Amino acid sequence: MSSNRDQSPGERRRLAVGAAVEAALRQDRLFFAFQPVVCAATGRVDYFECLLRMRDEDGSVRAGAEFVTIVEELGLIGLIDRHVLEKAVEELAADPEIRLGFNISGLTAGDRRWLGLLMSLLRHRSEIARRLVVEITETAALCDIEQSARFVDTLRKTGCRVALDDFGAGHTTLRHLQILPVDIVKIDGSLVRNLASRPQERIFLRHLLGLARGFGLTTVAECVENAEDAAILRAEGIGYLQGYHFGRPTIGRSSLGTAERSTP
């Protein structure tokens, strides 16, 4: 094992972040911010995506993007994804009116322990399972399409909905959509941001939406940040919208009730 003196500044930072996350996990300082996914036609909230946050010992808050990749590299993501699952089920049990979704790591998509935990937590609790959306990234799903299909099928048999996240960022084909029995596709934010000023992206978006509709899938656009882009997405027939224009991530479940009313 190398000493601290042998480690590069980058490696020391990675290890420090990993240690901070492990401490936060032990001390229950990992929590959710909630962002609404709303119906494009009515503005009503369909579900809230649970976005991971970490409160440092000094009280400052870090977004998941600041530490999740490092946690994956250090082999700790299984612990985090199990914690996220337990917390989401806890939130659903506490409020019978809300619906929640969360994203899992590509590594977790093949983790039998995580799947076993989900089945254990949801056994005989169909009222909770049907209010849960599990999001798996497109790139992770395509790494081992057959394994991903079995994983998705098991999730759906428990009663959960399954979303294919970052749709359009990878290389999904007709064959992939035939194999993957998902319920929802979430259009990647890179295809949505500033859509009004990029007419060529609108052609690609139209193709993706047509593909999804052909398979009877619900469609969600991520990263919708202004009214003009939202209007274009509605005109193209998007089903649901998510982004700062409809609600920034909000800490605390007490805010969810007020967010249930229609949004712009």
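What you see is a predicted model, and the numbers here were worked out from it, not measured in a lab. (Residues numbered from 1 in each chain as written. Predicted model: local features only at pLDDT ≥ 70, side-chain atom pairs only at ≥ 80, totals over all residues. Heavy atoms only, no water.)

## As for the overall build of the protein chain
The line we're drawing: Secondary structure elements follow DSSP: runs of H or I no shorter than four residues count as helices, runs of E no shorter than two count as strands, and numbering proceeds from the N terminus. When we talk radius of gyration, it's over C-alpha atoms, and the globule rule is simply 2.2 Å times the number of residues to the 0.38. Partly exposed residues are those whose accessible area sits between 20% and 50% of the maximum for their type, while under 20% is buried and over 50% is exposed, using a 1.4 Å probe and protein chains only.
In terms of helices and strands, the protein chain carries eleven helices and ten strands. The C-alpha atoms of the protein chain give 19 Å as radius of gyration, which agrees with the globular expectation for 264 residues (18 Å, within 12%). When its C-alpha atoms are laid out on the principal axes, the protein chain stretches across 60 × 45 × 40 Å. The buried share among the 264 residues of the protein chain stands at 50%.

## Brief notes about helix H4 (residues 112–122)
Here is the rule: As used here, the arc is the angular range of directions from the helix axis to the C-beta atoms. Only heavy atoms enter the contact rule, under which two residues are in contact if any of them lie within 4.5 Å. Under this definition, polar contacts are N or O atom pairs within 3.5 Å; protein pairs additionally need one hydrogen-donor-capable and one acceptor-capable atom, and for neighbouring residues in sequence, both atoms have to be side-chain atoms.
If you check which residues of H4 are buried, you get Trp-114, Leu-115, Leu-117, Leu-118, Leu-121 and Leu-122. Projected down its long axis, H4 carries its buried residues within an arc of 155°, all on one side. Residues of H4 that are exposed and angled more than 90 degrees away from the buried face: Arg-112 and Arg-113. Close packing links the buried residues of H4 with helix H3 (77–94), strand E4 (100–104), helix H5 (126–129), strand E5 (132–137) and helix H7 (145–158). The opening residue of H4, the one whose side-chain oxygen lies 2.9 Å from the backbone nitrogen of Arg-113, is Asp-111. Downstream of H4 by a residue or two, His-124 has a phi angle that is positive, lying close to 65°.

## Digging into the pattern of salt bridges
So the rule is basically this: What makes a salt bridge here is a side-chain nitrogen of Lys or Arg within 4 Å of a carboxyl oxygen of Asp or Glu, nothing more.
Across all of its chains, the model carries 17 salt bridges by this definition. A salt bridge links Arg-62 to Asp-56; the shortest N-O distance between them is 2.9 Å. In this structure Asp-56 comes out as buried when scored by relative accessible area, which is 15%. Put simply, Glu-236 and Arg-202 hold a salt bridge, and the shortest N to O gap is 2.5 Å. You can see Glu-236 sitting in the loop between helix H10 (227–235) and strand E9 (240–241) and its partner Arg-202 sitting in helix H9 (residues 199–214), a full 34 residues away along the chain. For Glu-236, a relative accessible area of 10% gives the class buried. Among the residues examined, Arg-202 registers a relative accessible area of 28% and is labelled partly exposed.

## Section: the environment of Leu-233
The topology assignment puts Leu-233 in helix H10. On the accessibility criterion, Leu-233 (0% relative accessible area) is buried. Sequence separation between Leu-233 and Gly-116 is 117 residues, and the spatial gap between their C-alpha atoms is 38 Å. When sequence neighbours within four positions are dropped, the list of residues in contact with Leu-233 reads Val-192, Leu-195, Leu-205, Ala-221, Val-224, Ile-238 and Leu-241.

## Details of the environment of Phe-246
For Phe-246, the location among the structural elements is in the loop between E9 and strand E10 (250–251). When the C-alpha positions of Phe-246 and Glu-225 are compared, they lie 7.8 Å apart, and in sequence the two are 21 residues distant.

## Concerning the confidence of the model for the protein chain
Put simply, the rule is: How sure the predictor is of each residue is captured by pLDDT, a score from 0 to 100.
Across the protein chain, the average pLDDT comes to 89, with 91% of residues at 70 or higher. Confidence, read as mean pLDDT per element, is least for helix H11 (residues 256–259) in the protein chain (54) and greatest for E9 (98).

## Re the nonpolar core
This is how the line gets drawn: The term nonpolar core refers to a set of buried residues drawn from Ala, Val, Leu, Ile, Met, Phe, Trp, Tyr and Cys, joined through side-chain atoms within 4.5 Å.
Phe-102, Trp-114, Ile-187, Leu-233 and Leu-241 are the most contacted members of the largest nonpolar core, which totals 73 residues. Residue contributions to this core peak at seven residues, all from H3. In this structure, Val-37, Tyr-47, Ala-163 and Ile-184 belong to the second largest nonpolar core, which totals six residues.

## Observations concerning the pairing of strand E7 (residues 184–187)
Put simply, the test is: By definition, two strands form a pair when at least two bridges between them are found by DSSP.
Neither face of E7 is left uncovered, since the one carrying Ile-184 and Lys-186 and the one carrying Val-185 and Ile-187 both have all their residues buried. Sheet analysis places strand E6 (residues 161–167) next to E7, joined by three bridges and oriented parallel. Across the sheet, Leu-164 pairs through a bridge with Val-185, a residue of E7. The sheet contact formed by E7 and strand E8 (residues 218–221) spans four bridges and is parallel. Looking at E8, one finds that Lys-186 is bridged to Val-220.

## Looking at unusual backbone geometry
Even without glycine at this site, Asp-166 takes up a positive phi of about 60°. Here Asp-166 falls in the partly exposed class, since its relative accessible area comes to 22%. Unlike most non-glycine residues, Asn-194 shows phi in positive territory, near 55°. When you line up the elements, Asn-194 lands in the loop between E7 and H9.

## Focus on the packing of H4 against H7
The criterion, for reference: Orientation is described by axes fitted as lines to C-alpha atoms, over the contacting stretch for helices, and by angles from 0 to 180 degrees between their N-to-C directions. Angle categories: roughly parallel below 35 degrees, roughly antiparallel above 145, roughly perpendicular from 65 to 115, and oblique for all the rest. Three classes are used, and their members are as follows: Ala, Val, Leu, Ile, Met, Phe, Trp, Tyr, Cys and Pro are nonpolar, Asp, Glu, Lys and Arg are charged, and the others, Gly among them, are polar.
Following both chains from N to C, one finds H4 and H7 inclined at 10°, their axes separated by 10 Å at the closest point. In terms of their interaxial angle, H4 and H7 are classed as roughly parallel. Facing Trp-114, Leu-115, Leu-118, Met-119 and Leu-122 of H4, the residues of H7 in contact are Phe-151, Thr-154, Leu-155 and Thr-158. Taken together, the residues of the contact of H4 with H7 break down into seven nonpolar, two polar and no charged.

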